[in-house]
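Next come the chains, spelled out residue by residue.
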Amino acid sequence: MRPPIQIPFVARSRPFPTLLRRLVFKISVRFGRLFCFLRGVICKREVRAPTLVGTLALTGCALNLATDAGVDWRADVARAESTPYYIDATNTMLPVASATGFSNVAVAGDFLNSGAIGVVIGNHYGTDRILVPRQGNKRFADQTLQRFPTPEALRNTEDAVAGDFRAAGSLDVVWVSSGTGHTVLYYENNGRGEFRETDRLPQCGAQRVAIFRNLATDAPSLLLACADGLRFLANNGHGSFTDESSRRLPADTGIATDIVVSDLNQDGAPDLVVNGNAGIRIFLNHGDGTFQEKLNAIPRSARKEETRRIAVGDVNGDKCPDLYLANWRFLIADAALQDRLLINDCTASFRDRSSWLPAKRHLNSTAARFVDLNGDGHLDLVVGTFRNDTWGRRHDAPWLAYLNDGTGHFRDATAEVFPKGVVGNGRHIEVADFNGDGIPDLFLVSRGGPSLMLLGKIRAKGT
Ligand SMILES: [Ca+2]
Ligand SMILES: [Ca+2]
Ligand SMILES: [Ca+2]
Ligand SMILES: [Ca+2]
């Protein structure tokens with residue numbers, strides 16, 4: 001039996017006075033994280049009997065979650081910086097405390113089947129969260145306590161995807177985590193945006209997860225980038241999964257740290273780009289969802305290279321997906337900080353066109369995504385950076401905006417595109433129409449400091 005949870009703040013109908021609220025929040029965040037950590041260390045998943053530490057820890061986790069519930073954060077609105085392209089709606093739309101953490105990933109979706117977009121956020125050293133739309137998409141509320149199961153162990157979420165894995169008409173969530181206990185977690189949605197954790201998935205030490213469909217009509221399967229190689233978990237059609245790695249994937253996929261799905265050779269079958277201990281590798285789809293490596297597809301980097309994230313999209317208008325490698329210096333001391341742009345010749349062979357990128361600032365790149373920032377129909381780039389502080393004490397590294405001239409040549413237009421103060425400790429970029437005005441918005445996920453909500457202002461041509 002789980003220990004009882006006392007949550008003194010949830011039932012309050014009126015907000016705390018500001019100073020008291022902030023004090024309670026600061027204390028509870030610090031102790032909540034500590035208790036979550038202690039519980040993760042001491043109370044392994046298998047230990048279900050109540051213990052003093054376990055009870056304190058779980059209560060601390062709950063406090064950490066609860067402090068934001070019912071609190072009106074509009075009192076904290078300090079700024080809403082704007083450019084012709086984006087307005088920073090972080091303080092006006094988000095419960096900022098709930099969007100602040102050691103966040104690694106966010107996934108947007110209509111989790112409540114309400115027609116409005118919400119977002120789930122995966123955190124290190126804390127609890128994953130769900131923010132749901134309120135007031136006609138004008139604000140988000142943290143309903144983690146009401147909608148997520150209470151975590152039973154420290155998780156350290158690294159990545160997540162959402163999909164209708166059971167063909168039930170609702171979005172379930174798969175999390176991958178480097179924490180104790182299960183590291184691949186399945187949150188099943190009851191159709192109303194309330195989740196329960198199930199044991200649907202085989203386990204491995206995974207850092208990334210991606211959805212794969214060989215045909216558009218297929219149930220979504222899962223690809224996991226695991227410490228012992230790539231895994232293919234085939235969806236049996238109703239949300240149960242079979243590990244078909246040995247049948248579908250090459251024998252030696254190596255240690256995998258990132259994976260992207262895209263039809264690189266334009267034959268109609270989605271292929272794979274895999275990052276790992278052997279660098280970037282291309283696995284081409286035979287057409288039936290089995291894969292073979294295409295050797296020498298990626299030109300070698302002149303210097304040692306450590307890639308954290310791969311972005312994929314056509315940047316030069318030939319409809320063939322190109323690649324951007326967000327490179328950092330983390331485990332390899334002399335790795336180059338230069339990111340790379342790789343242009344596809346439409347057969348999944350790539351040429352290095354990093355010279356088409358603006359001069360790189362001396363920053364680690366930790367996230368990248370192709371997005372049409374100025375609505376001209378050409379994919380631009382958002383790049384997340386950080387300053388070598390994995391503890392998130394510093395979260396002042398810029399989010400970069402690179403505009404594409406349509407031929408794949410980019411210029412650094414950060415100051416023109418992003419409002420002042422768009423900084424963080426970049427980890428992930430989610431794109432969705434969060435306020436329902438038909439224009440794509442950005443949710444910039446930061447490890448330390450608040451993640452940011454940027455509402456788009458430019459309507460794309462033809463929309
Ligand atoms: Ca293909
Ligand atoms: Ca291209
Ligand atoms: Ca553009
Ligand atoms: Ca929008």
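As the structure is a prediction and not an experimental result, all values here were calculated from the model.

Along the chain, the regular secondary structure elements total six helices and 30 strands. Counting across all 463 residues of the chain, residues that qualify as buried make up 50%. Within the chain, counting contacts between residues at least 6 apart in sequence, those at least 24 apart form 53% of the total.

Before going further, it helps to spend a moment on the nonpolar core. If you look at the biggest cluster of nonpolar residues, it comprises 108 residues, and the most contacted ones within it are Val-174 and Leu-224. By residue number, the principal contributor to this core is strand β11 (residues 221–226), which donates five residues. What Leu-224 contacts, discounting residues up to four positions off in sequence, is Val-176, Val-184, Cys-204, Ala-206, Val-209, Arg-231 and Leu-233.

Read across the open sheet, the four strands follow the order β6-β7-β8-β9; overall the sheet is antiparallel. The sheet is open, and its two edges are formed by β6 (157–163) and β9 (195–198), each paired on a single side. Geometrically, the sheet is characterised by an average inter-axis angle of 25° between neighbouring strands, direction not taken into account. Relative to β9, strand β8 (residues 184–189) runs antiparallel, the two sharing four bridges. Counted as the bridge partner of Glu-188 is Arg-196 from β9.

Of note, Tyr-125 is a non-glycine position whose phi angle comes to about 50°, a positive value. Mapped onto the fold, Tyr-125 is located in the loop between β3 (118–124) and β4 (129–134). Since 20 C-beta atoms lie within 10 Å of it, Tyr-125 is described here as buried. Unlike most non-glycine residues, Ala-167 shows phi in positive territory, near 50°.

Before going further, it helps to spend a moment on the sheet that holds strand β21 (residues 350–352). Across the sheet, which stays open at both edges, the four strands sit in the order β18-β19-β20-β21 with antiparallel pairing between neighbours. Because the sheet does not close on itself, it has two edges, and the strands there are β18 (307–313) and β21. Averaged over all adjacent pairs, the angle separating strand axes in this sheet is 25°, with direction ignored. Sheet topology places strand β19 (residues 322–327) next to strand β20 (residues 340–344); three bridges connect them, and they run antiparallel. Opposite Tyr-324, over in β20, you have Leu-341 as the bridge partner.

Let us now look at the confidence of the model for the chain. In low-pLDDT segments, the atomic positions of the prediction should not be examined closely. Scored by pLDDT, the chain comes out at a mean of 85, with 81% of its residues at no less than 70. Counting interchain partners and residues more than four positions distant, the pLDDT-below-50 stretch residues 1–16 has 27 contacts. Predicted confidence is poor over residues 39–51, with pLDDT under 50, and the contacts of this stretch with residues over four places away or in other chains come to 26 contacts.

On to the pairing of strand β5 (residues 139–142). Remark: a regular strand shows side chains that alternate across the two faces of the sheet. Pairing of β4 with β5 involves four bridges; the strand directions are antiparallel. Across the sheet, the residue bridging to Leu-131 is Asp-142, located in β5. From the end of β4 to the start of β5, which pair antiparallel, there are four residues, and Gln-135 there has a positive phi angle of about 55°.

Once that is clear, we can look at the pairing of strand β17 (residues 291–294). Sheet analysis places strand β16 (residues 279–285) next to β17, joined by four bridges and oriented antiparallel. Looking at β17, one finds that Phe-283 is bridged to Glu-293. Between β16 and β17, which pair antiparallel one after the other, the connecting turn spans five residues, and Gly-287 there sits at a positive phi close to 115°.

Moving on, we get to the environment of Val-120. Tracing the backbone shows Val-120 in strand β3. Each C-alpha atom of the pair Val-120 and Ala-106 lies 5.5 Å from the other, and the pair is 14 residues apart in sequence. When neighbours within four sequence positions are excluded, Val-120 is seen to be in contact with Ala-106, Val-107, Phe-111, Asp-128, Arg-129, Ile-130, Ala-160 and Val-173.

Basis of the calculations
- Residue positions within a chain follow its written sequence, with the count starting from 1.
- Lettering of chains starts at A and numbering of ligands starts at 1, both following the order in which they are written.
- This being a predicted model, a pLDDT of at least 70 is required before a residue's local features are given, and a value of 80 or more before pairs of side-chain atoms are given or counted; all residues contribute to the totals for chains, interfaces and linings.
- Secondary structure is summarised from DSSP: a helix means a run of H or I of at least four residues, a strand means a run of E of at least two, and numbering begins at the N terminus for each.
- Whether a residue is buried, exposed or partly exposed follows from its count of other C-beta atoms within 10 Å of its own C-beta, namely 20 or more, 12 or fewer, or something in between, respectively; the C-beta atoms are built from the backbone.
- A pair of residues counts as a contact when their C-beta atoms, built from backbone coordinates, are within 7 Å of each other.
- Think of a nonpolar core as buried Ala, Val, Leu, Ile, Met, Phe, Trp, Tyr and Cys residues chained together by C-beta atoms that fall within 7 Å.
- Whether two strands pair depends on DSSP finding at least two bridges between them.
- Between N-to-C directions, angles cover 0 to 180 degrees, with each direction set by a line fitted to C-alpha atoms, over the stretch in contact for helices.
- pLDDT expresses, on a scale from 0 to 100, how confident the predictor is about each individual residue.

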